[in-house]
Amino acid sequence: MRLEVDIKKTLHSGDRRFELEAAFSSQDDLTVVFGASGSGKSLTIQAIAGLVAPEQGRIVVGGETLFDEQRGINLPARKRGVGYLFQDYALFPHCTVRENIAYPLKKAWPLTLSSDSRQEVAEIMASFEISHLAESYPAELSGGQKQRVALARAMIKKPSILLLDEPFSALDSMLRHRMRMELLEIRQRFDVPLVVITHDPADVEVFADTLVIFANGRVEEVSSRKKSATPEDQGWREKVCWRAQWKKEHLAAHRFVPATGI
Amino acid sequence: MPDLTPLWLTLRIAACATLLAFVFGVGFAWLTARFSFWGRDVLDAVLTLPLVMPPTVLGYYLIVVWGRNGWLGGWLNAHFGISLMFTWQGAVLAATTVAFPLLFKSARAAFEGVSSEYEQAARILGDTELRVFFRITLPLAARGLLAGTMLAFARAMGDFGATLMVAGNIEGKTQTAALAVFDAVQAGDYSLANTLVVIMSVVCVTILVMTNKLANRGRAGR
């Protein structure tokens, strides 16, 4: 899996200005984009998903160009074939769990799902162990259940890449650990590359084969296990985790640019 | 049994007016809630104006625009030989105008209450903009829209001033219940006035109670 991002985007809010200049690439199936809030990391995956359009540059996922300003390519979000897990899941409150998961399969006509699609929904609910919640509404679910439903909904159309925006920040610490393990398992089962956005060094330790560190709208550093001197080194992740932790504190201490909220 | 023609006429006019106000109100509400463009605040103010202007002033404006020699009315008259003045369609026009701001305001608030994250999620899941509107935005705003529609219907039923200016007070043709009550009292026919007033009051109270119920349930969530 190859992910290539090289984009520029300027945001204005009142008299504040935020400039994003993000350039990085990853060959790995597990990529962590790490940075403090307001560093531009969320804006970057929103650009990958097609929710915001950059002013310049290009985005390539697995050989398919999703955005290229020079060639005039800008696929709409619905055609990008990416999965996206929102920070607070964005489950549709007026739809049941079953309807949420079936949402991407539903066509304008016929009004009911085909039996193949119904089967597919039932299977994915079984594999995420949420079959018993099928008729519940999102407001009735716990945090972990919501996350499973959101993951099932994101995975049902077999996306080419799964983007996760701070996936564990809404969970308590016990559950956080368990959902990290579940996410790794989902990655294996569906064979889907993950891009995890986070400000939590613990996520770096679990998910980073490639670590991209963002600060003030720019990519500070890209480290990749494959390119490191000792790729088989079991301690690699701990090292980048320390590195991320150090960077975070270092950047916080030396931040002379005023914080820009995104 | 008093003559209830004005009542049926009122219901028919209010129904047509609510339908028209719904189409335009929802359209403009969506536009102003979802996009920020130059002059949006002015547009919002102009569209809300009928709520605060005296109905007779409003009626005067309607005559200026839709009258036989008006900007739009003149064109209609020249090309189709139609005039809305002193017809029940003219009463619909007046009722639509007074009811419009109530629908527009409620609908705009309802649309602004729908988190754009749901719409983004739907886009990523493969929806076109049209499908996003009908599958996400509209259902999530439905309670607010329904409450606004009922308020608009109540207002359309009760209009006096604008209707009088545009459609006149022609018995059996443009005389709505509100106008009929005025005529009945002038003529000293209190039994007719009482009947109409009681029916109008019951309908309006029912509508307000239902609107409040919808609004409360909306706040509590599911």
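Residues numbered from 1 in each chain as written. Chains lettered and ligands numbered in written order. Predicted model: local features only at pLDDT ≥ 70, side-chain atom pairs only at ≥ 80, totals over all residues.

For Leu146(B), the position within the fold is in helix α7 (residues 129–158). Taking C-alpha positions, Leu146(B) is 9.9 Å from Met210(B), a pair spaced 64 residues apart along the chain. (Helix = DSSP H or I, 4+ residues; strand = E, 2+ residues; numbered from the N terminus.)

We now examine the domain arrangement of chain A. Residue and element names in this part refer to chain A. Each domain of chain A was delimited in the assignment, giving domain 1 (3–89 + 147–253) and domain 2 (92–140). One C-alpha centre belongs to domain 1, the other to domain 2, and the line joining them spans 27 Å. With 8 residues of domain 1 at the contact, the number on the domain 2 side is 11 residues. (Domains from an automatic or database assignment. Contact = placed C-beta atoms within 7 Å.)

This paragraph deals with the interface of chain B and chain A. Contacts between the two partners involve 15 residues from chain B, matched on the other side by 16 residues from chain A. Elements represented by at least two residues in the side of chain B that touches chain A include exactly α6 (116–124) and α7 of chain B. With 6 residues, α6(B) is the largest single contributor of residues to the side of chain B that touches chain A. Residues of the side of chain B that touches chain A, tallied by class, amount to 7 nonpolar, 4 polar and 4 charged. (Nonpolar A, V, L, I, M, F, W, Y, C, P; charged D, E, K, R; others polar.)

Another aspect to go through is the packing of α6(B) against α7(B). Residues and elements named next belong to chain B. One can describe the packing of α6 onto α7 by two numbers: an axis separation of 10 Å at closest approach and a directional angle of 160°. One finds that α6 runs roughly antiparallel with respect to α7. Of the two possible hands of crossing, α6 and α7 adopt the one that is right-handed. Where α6 approaches α7, its residues Tyr118, Glu119, Ala122 and Arg123 are matched on the opposing element by Val132, Arg135, Ile136, Thr137 and Leu140. Residue composition of the contact of α6 with α7, grouped by class: 5 nonpolar, 1 polar and 3 charged. (Axes fitted to C-alpha atoms, helices over the stretch in contact; angles between N-to-C directions. Parallel < 35°, antiparallel > 145°, perpendicular 65-115°, else oblique. Left-handed = near helix turned anticlockwise from the far one by under 90°.)

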